[in-house]
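Chains, contacts and geometry: an overview
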Amino acid sequence: MGKIEFANCQDVRNQKKIQELDCPRCHEPEGIEAFVKDGILAEDGVCDNCGYILPEGTELEEVE
């Protein structure tokens, strides 16, 4: 039987995805570049238009 490799599974799960979000304050379309992991912001997201900050740990469901 062949050897099964699982190392890549964990690497894929730990990757952060970049999503463009509309700002909840000024409603700038795609004004916030957010780094998301498992549906949660992995770091603070800042609106390019008004400076509003979505704090790290915010769930995407709360924003959308």
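One structure accompanies this document, and this report is about it. Worth saying up front: this structure is predicted, and the values here are computed from it rather than measured.

1. Looking at the sheet that holds strand S2 (residues 32–37)
- Spatial ordering of the open sheet is given by S1-S2-S3, a layout of 3 strands whose pairing is antiparallel. In the strand order of this sheet, the two ends are held by strand S1 (17–21) and strand S3 (40–41), each with one partner.
- Note that S1 and S2 share 5 bridges and pair antiparallel. Bridge pairing links Leu21 to Ile32 in S2.

2. Observations regarding the nonpolar core
- Counting residues in hydrophobic clusters, the biggest one holds 9 residues: Leu21, Cys23, Ile32, Ala34, Val36, Leu41, Cys47, Leu54 and Leu60.
- The biggest single contributor to this core is S2, with 3 residues.
- Among residues more than four places away in sequence, those in contact with Ile32 are Gln19, Glu20, Leu21, Cys23, Pro24, Gly45, Val46, Cys47, Tyr52 and Leu54.

3. Observations regarding the environment of Gln15
- Inspection of the secondary structure assignment puts Gln15 in the loop between helix H1 (7–14) and S1.
- Through-space distance from the C-alpha of Gln15 to that of Lys37 is 6.8 Å; in sequence the pair is 22 residues apart.

4. Brief notes about unusual backbone geometry
- For His27, which is not glycine, the phi dihedral falls at a positive 65°.
- Relative to the elements of secondary structure, His27 occurs in the loop between S1 and S2.
- A positive phi angle is found at Glu30, which is not glycine, with a value near 55°.
- With respect to the helices, strands and loops of the structure, Glu30 is situated in the loop between S1 and S2.
- The exposed category is assigned to Glu30, whose relative accessible area is 51%.

Procedures and definitions
Residues numbered from 1 in each chain as written. Predicted model: local features only at pLDDT ≥ 70, side-chain atom pairs only at ≥ 80, totals over all residues. Heavy atoms only, no water. Pairing = 2+ DSSP bridges. Helix = DSSP H or I, 4+ residues; strand = E, 2+ residues; numbered from the N terminus. Core = buried A, V, L, I, M, F, W, Y, C linked by side-chain atoms within 4.5 Å. Buried < 20%, exposed > 50% of the residue type's maximum accessible area, 1.4 Å probe, protein only. Contact = heavy atoms within 4.5 Å.

Any functional reading would require information beyond the geometric quantities listed.
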